[in-house]
Amino acid sequence: MATVSEYTEEQLNYFRICCITTDELTDGLRTIFKQEWDNRYATTLGEWKDEAKNGQDFKNGESPRNQARNQELLATMINGNRAEWDCTMLFYAILFSDSIGRGLNAIVRSNIDDLRKFRNQDFAHLPRGHISEPKFQSAITKVQGAFQALGLPIVKIQKIRNQANFPTSHLDKVLKEADKLKQKVKILEDQLQSETTPFCILPPKPSHDIAGRNDEVANIAQELKQLRETNESRLSYLYISGNPGSGKSQLAGLVADQIFKESTDAFIFVMTLNAANLDTLLDSYVSFARHLKCSEYAITNTLNDKHLKTEKKIVNIKSLAGTKVELYSSWMLLVDNVVSIAEMRAYLPDIGNSHWRKGQLLITSQDTASIPPDNSFIK
């Protein structure tokens, strides 16, 4: 009779994470969803009793856009039985739905989002069934902290944390459920990869009132329009230069905001990159990639790679963002606070890359001497 080799501690760590994700995490999320629903709707729509009426009430509370985007999830959720809802459905219901997510308490939102990140980063995107002891302990601590902050019991999590042996039948069941959940996460991420949503991220506004500067805004907007018309399939640049404190960032923000609001294009974005130094630029690119709905796994892997310098991380995430940028038909990057144009140039989109050909760079800098002369695609 063949004997099964003894599982390593890293494999047991993986099994423990699978158990927590497929069993305890979903149970905790089901509890939080019911609490949030009852707090809002117990006196109007009635308490959540896992009945079809509850599911229909939940669906009716969702906007047409949410119903269309989450049609596959709602096909199950409309039955109202939380026992049939997996993590993906529960995260949507709590964090992103109109009926619960819009008015969610900040503490609840933060801790539920921590659990979502745990599910994605420490479970769904693991390349193989092994977890080192430090990563395992870090992941469990993250889950326990979120559970305690949400008022959920952690006894079962602690028991699984210390579990040394797994009955074969139970282990097989958990691993099959884990495989199904991983596949579902992958499918949903693939859907996000092909989805485009307009967004507008502007420089932070100063604490004091600012003038409208309507004439300047109109002139710069006109220059950008001419550049776009002249360079229909090529990246174009417009520089705003001046001394520190002269209002370059706010002027650029006013221009970008006007262009975004007046656009009739459904596939447009405006994003601000803080280029004061490489660290702020990296942070901005990470935020940019997340607004583009790039793979969180790819973003996190790049950020956590200790062998990569900041410069290389910027290049990698810029490349990752480029694959989503080309899905948009119009866009603007507001590259703010550039100290040295020559040093920053390597980390910005360039004309030779086809991913970035449909947009414009609006660059603010005090490095006036380094601004290239005007030509057909630079002003």
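Since we're looking at a predicted model, the values are computed, not measured.

Draft legend 1. Summary view of the sheet that holds strand β2 (residues 236-241). One open sheet accounts for five strands, arranged β1-β3-β4-β5-β2; its pairing is parallel. Because the sheet does not close on itself, it has two edges, and the strands there are β1 (199-200) and β2. Pairing analysis gives seven bridges linking strand β3 (residues 268-274) to strand β4 (residues 330-338), with the strands arranged parallel. Within β4, the position partnered with Leu273 by the bridge is Val335. On top of the sheet, helix α11 (residues 248-262) reaches β1, β2, β3, β4 and β5 (359-365); it is set at about 175 degrees to β4, its chief contact. Along the sheet face, helix α12 (residues 278-291) touches β1, β3 and β4 and points at about 160 degrees away from the line of β3.

Draft legend 2. Representation of empty space enclosed by the protein. Counted according to the given criterion, the structure contains one cavity of 30 Å³ or more. Considered as a void within the structure, the largest cavity measures approximately 40 Å³ in volume. Arg228, Asn231, Glu232, Arg234, Ser236, Arg357, Lys358, Gly359 and Gln360 together form the lining of the largest cavity. Looking at the lining of the largest cavity, its residues break down into no nonpolar, four polar and five charged.

Draft legend 3. Spotlight on the pairing of β2. With respect to burial, β2 is a largely interior element, five of its six residues being buried. Here six bridges tie β2 to β5, and the two strands are oriented parallel to one another. Within β5, the residue paired with Ser241 across the bridge is Ser365.

Reading the values: rules and limits
Residues numbered from 1 in each chain as written. Predicted model: local features only at pLDDT ≥ 70, side-chain atom pairs only at ≥ 80, totals over all residues. Heavy atoms only, no water. Pairing = 2+ DSSP bridges. Helix = DSSP H or I, 4+ residues; strand = E, 2+ residues; numbered from the N terminus. Contact = heavy atoms within 4.5 Å. Axes fitted to C-alpha atoms, helices over the stretch in contact; angles between N-to-C directions. 1 Å grid on protein atoms, 1.4 Å probe; cavity = no way out; pocket = protein on both sides within 12 Å on 5 of 7 lines; lining within 4 Å. Points joined across faces, edges and corners; volume = space filled by probe spheres on them. Nonpolar A, V, L, I, M, F, W, Y, C, P; charged D, E, K, R; others polar. Buried < 20%, exposed > 50% of the residue type's maximum accessible area, 1.4 Å probe, protein only.

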